Amino acid sequence: MRIIFFGPPGSGKGTQADRMSKRYNLHHLSTGLLLREEIQKNSELGKRIRKIVESGHLVDDAIVNEEVFSKVKEYDRFLLDGYPRNLIQAEDLDDYLEEEKKPLSGAIFITIPDTEVIERLSGRLTCSRCGFTGKQPMYHSGDACIRCGTALIERNDDRTEVIEQRLVHYHDLTKHLEKYYNDRLLIIDGMGTVDQVTLRLEEALSIWE
Ligand SMILES: [Zn+2]
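Enquirer: An account of the pairing of strand β5 (residues 124-127) is needed here, citing residue identities and associated values.
Expert: On a regular strand, each side chain points to the face opposite its neighbour's, so the side chains alternate between the two faces of the sheet. Here β5 pairs with strand β6 (residues 133-135) via three bridges, running antiparallel. In the sheet register, R124 faces β6, and the bridge partner there is K135. What sits between the antiparallel neighbours β5 and β6 is a turn of five residues, in which G131 has the positive phi angle 90 degrees. Of the pairings in the sheet, the one linking β5 to strand β7 (residues 152-153) comprises two bridges and is antiparallel in character. Within β7, the position partnered with T126 by the bridge is I153.

And the structure:
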């Protein structure tokens, strides 16, 4: 099984991607993580990536492709998370996988309504040390984290205006990708509890096991 995984912010995509990787023995490839690892290695490529990231730009298609393909080459079963980010990357990925004779099984899209995304993410306070999150009004900005005591902060990403902006970008991206993946696309309802969504995914993915 070789799949790509999509979901709006707040959809629980990361958690579900993690669970599906374990359940189906897939190598979980997260582009964000791969790029961070490359930066940490301080390789030539890593230095280039660091420069781009620090200047606030998006890492370009060629670099991301290079990074993803070098990993994809190593594994027969994988789940790609955070990639492709645009149509060009999607086409490049298909071309590459065709060369490698490892075609994609399909694309998973977890969907939840925008109102739910905003509801889930806004007013969220995060501990920058251990990752604990709590919501206002139960917690306040500056409260001590219940796990490690660090002051909780509202991340810029969790402000309503920023969430709305991210959603615009997200829909802009996925409307093209939905069309592109067309008959290879599985849409999963992301509403309900984490376990309910996991069950839906397990059932849907079993067709490719
Ligand atoms: Zn903490």
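Enquirer: Let's hear about the environment of G131: which residues, and what values?
Expert: Residue position: G131 is located in the loop between β5 and β6. It is 20 Å that separates the C-alpha atoms of G131 and T160, two residues lying 29 residues apart in sequence.

Enquirer: Provide a residue-level description of the side chain of E67, including the pertinent values.
Expert: Relative to the helices and strands, E67 is located in helix α4 (residues 61-72). The side chain of E67 is buried and forms no salt bridge, while K41, the nearest opposite charge, is found at 5.4 Å. Once residues within four sequence positions are removed from consideration, E67 is found in contact with L34, L35, E38, L45 and I49.

About the thresholds
- All chains use their own residue numbering, which begins from 1 and follows the written sequence.
- Note on the predicted model: pLDDT of at least 70 is required for a residue's local features to be given, and 80 or more for side-chain atom pairs to be given and counted; whole-chain, interface and lining totals, by contrast, use all residues.
- Derived side-chain values reflect all non-hydrogen atoms in the structure, with water molecules and hydrogen atoms excluded from consideration.
- A pair of strands counts as paired when DSSP detects no fewer than two bridges linking them.
- Helix and strand labels come from DSSP, where a helix needs a run of H or I of at least four residues and a strand needs a run of E of at least two; each type is numbered from the N terminus.
- Buried, partly exposed and exposed residues are distinguished by accessible area as a fraction of the type maximum, computed with a 1.4 Å probe on protein chains only: under 20%, between the cut-offs, and over 50%, respectively.
- None of His or the chain ends enter the tally, which takes Lys and Arg as positive and Asp and Glu as negative.
- Definition used for salt bridges: Asp or Glu carboxyl oxygen within 4 Å of a side-chain nitrogen of Lys or Arg.
- In this description, contact between two residues means that some pair of their heavy atoms is separated by no more than 4.5 Å.

Fair warning: the whole summary comes from geometry, so function is off the table for now.
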